[in-house]
Amino acid sequence: MIGYVTLGTNDLARAATFYDAIAAEFGVGRMMDFETFIAWGEWGGGPGIAATKPFDGNAATVGNGVMVALEAKDRDQVQRIYDIALANGGSCEGEPGPRGEPDENGMVFYAAYFRDPDGNKLNAFLMDKA
């Protein structure tokens, strides 16, 4: 149902560097690229992510309680995405690792949390055997 998620930025060039690197790890590139808006993903593929300068011309601000979750294929990719985020101006909000207890099937939520250079919160995650 979700086509893409948009996050505000006050510096589109800086956001582009950050999200170009994250998108490359997922094997996708830019699917839309305009003066004030860039979206990454693949037409007809899974949901994408976009960075934009706010349409109303005001400064972009971070939504308290808002987070974008990026589904990884394995724990190694969670680590790579986290490392890429930090290497491209992001900041740590929680190192990679299991969260909570395994469910009745022995699966555990495994995630890393980080913020982009504008302060938007993201995570890379998967459900994996404990």
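Our subject is the structure listed above.
Draft legend 1. Spotlight on the overall build of the chain. When helices and strands are tallied, the chain shows two helices and eight strands. Listing each helix as α and each strand as β along the chain from the N terminus yields β-α-β-β-β-β-α-β-β-β. Its C-alpha radius of gyration of 15 Å places the chain within 12% of the 14 Å reference for a compact globule of 130 residues. Dimensions of the chain, computed from C-alpha atoms along their principal axes, come out at roughly 50 × 30 × 25 Å. Look at the contacts in the chain between residues 6 or more apart in sequence, and 54% of them connect residues 24 or more apart. Approximately 7200 Å² of the chain is accessible, and the part contributed by carbon and sulfur atoms is 51%. If you average the places of the 10 positive and of the 19 negative side-chain charges in the chain, the two averages end up 2 Å apart.

Draft legend 2. Representation of the packing of helix α1 (residues 12–25) against helix α2 (residues 75–87) in the model. Running from N to C, α1 and α2 cross one another at 165°; their axes reach a closest spacing of 9 Å. Of the possible angle classes, the one that applies to α1 and α2 is roughly antiparallel. Classified by chirality, the crossing of α2 by α1 is right-handed. Here α1 contributes F18, A21, I22 and E25 to the contact with α2, which in turn contributes Q77, R80, I81, I84 and A85. Residues that form the contact of α1 with α2 fall into these classes: six nonpolar, one polar and two charged.

Draft legend 3. Seen up close, the sheet that holds strand β7 (residues 107–115). Strand order in the open sheet made by the four strands is β5-β8-β7-β6, with mixed pairing throughout. Of all the strands in the sheet, the pair left with one neighbour each is β5 (67–71) and β6 (91–99). Each strand of the sheet is rotated relative to its neighbour by a mean of 20°, with strand direction disregarded. The sheet strands contacting α2 are β6, β7 and β8 (121–129), and the helix crosses β7 at an angle near 10°.

Draft legend 4. Just the side chain of T9, in detail. Turning to its location among the elements, T9 is positioned in the loop between β1 (4–8) and α1. A residue is classified by how much of its surface remains accessible, and T9, at 1% relative accessible area, is buried. At 3.1 Å, the side chain of T9 and the backbone nitrogen of D11 are in polar contact. Polar contacts involving the side chain of T9 include one to the side chain of D118, which spans 2.5 Å. Leave out the neighbours within four places in its chain, and T9 touches A15, A51, T52, K53, P54, A60 and D118.

Draft legend 5. Representation of the sheet that holds strand β4 (residues 48–52). What the four strands build is an open sheet, ordered β1-β4-β3-β2; its pairing is mixed. Edge positions in the sheet fall to β1 and β2 (29–33), since each of these pairs with one other strand and no more. Strand-to-strand twist in this sheet, taken as the mean axis angle between neighbours without regard to direction, amounts to 25°. Sheet analysis places β2 next to strand β3 (residues 37–41), joined by four bridges and oriented antiparallel. When the bridges of β3 are listed, M32 appears paired with A39. Packed onto the sheet, α1 meets β1, β2, β3 and β4 and runs at close to 5° relative to β3.

Calculation rules
- Once a new chain begins, its residue numbering starts again from 1 and follows that chain's sequence as written.
- Reporting in this predicted model follows two pLDDT cut-offs: at least 70 for local features of residues, and 80 or more for side-chain atom pairs to be given and counted; totals over whole chains, interfaces and linings ignore these cut-offs and use all residues.
- Side-chain measures were taken over the full set of non-hydrogen atoms in the model, leaving aside hydrogen atoms and water.
- Only DSSP runs of H or I covering at least 4 residues are called helices, and only runs of E covering at least 2 are called strands; the numbering of each starts at the N terminus.
- Each radius of gyration reported is based on C-alpha atoms, and the globular scaling rule is 2.2 Å times the count of residues to the power 0.38.
- Throughout, a contact is declared for two residues whenever any of their heavy atoms are within 4.5 Å.
- Each accessible area is a Shrake-Rupley result for a 1.4 Å probe, and residues are judged covered by the shown protein chains and nothing else.
- In this tally, Asp and Glu contribute negative charge and Lys and Arg positive charge; neither His nor the terminal groups of the chain are included.
- The atoms used to mark charge sites are NZ of Lys, CZ of Arg, CG of Asp and CD of Glu.
- Under this scheme, a helix contributes an axis fitted over its contacting stretch, all axes are lines through C-alpha atoms, and angles between N-to-C directions fall in the 0 to 180 degree range.
- Each angle gets one of four labels, with under 35 degrees taken as roughly parallel, over 145 as roughly antiparallel, 65 to 115 as roughly perpendicular, and the rest as oblique.
- If you view the pair so one helix is near and one far, a crossing is left-handed when the near helix is turned anticlockwise from the far one by less than a right angle, and right-handed when it is turned clockwise.
- Any residue outside Ala, Val, Leu, Ile, Met, Phe, Trp, Tyr, Cys, Pro, Asp, Glu, Lys and Arg is labelled polar, Gly included; the first ten of those are nonpolar and the last four are charged.
- A pair of strands is considered paired only if DSSP assigns at least 2 bridges between the two.
- Exposure is judged per residue with a 1.4 Å probe applied to protein chains only, and the accessible area is read against the type maximum: over 50% gives exposed, under 20% gives buried, and values in between give partly exposed.
- For this analysis, a polar contact is any N or O atom pair within 3.5 Å, provided that within protein one partner can donate a hydrogen and the other can accept it, and provided that sequence-adjacent residues contribute only side-chain to side-chain pairs.

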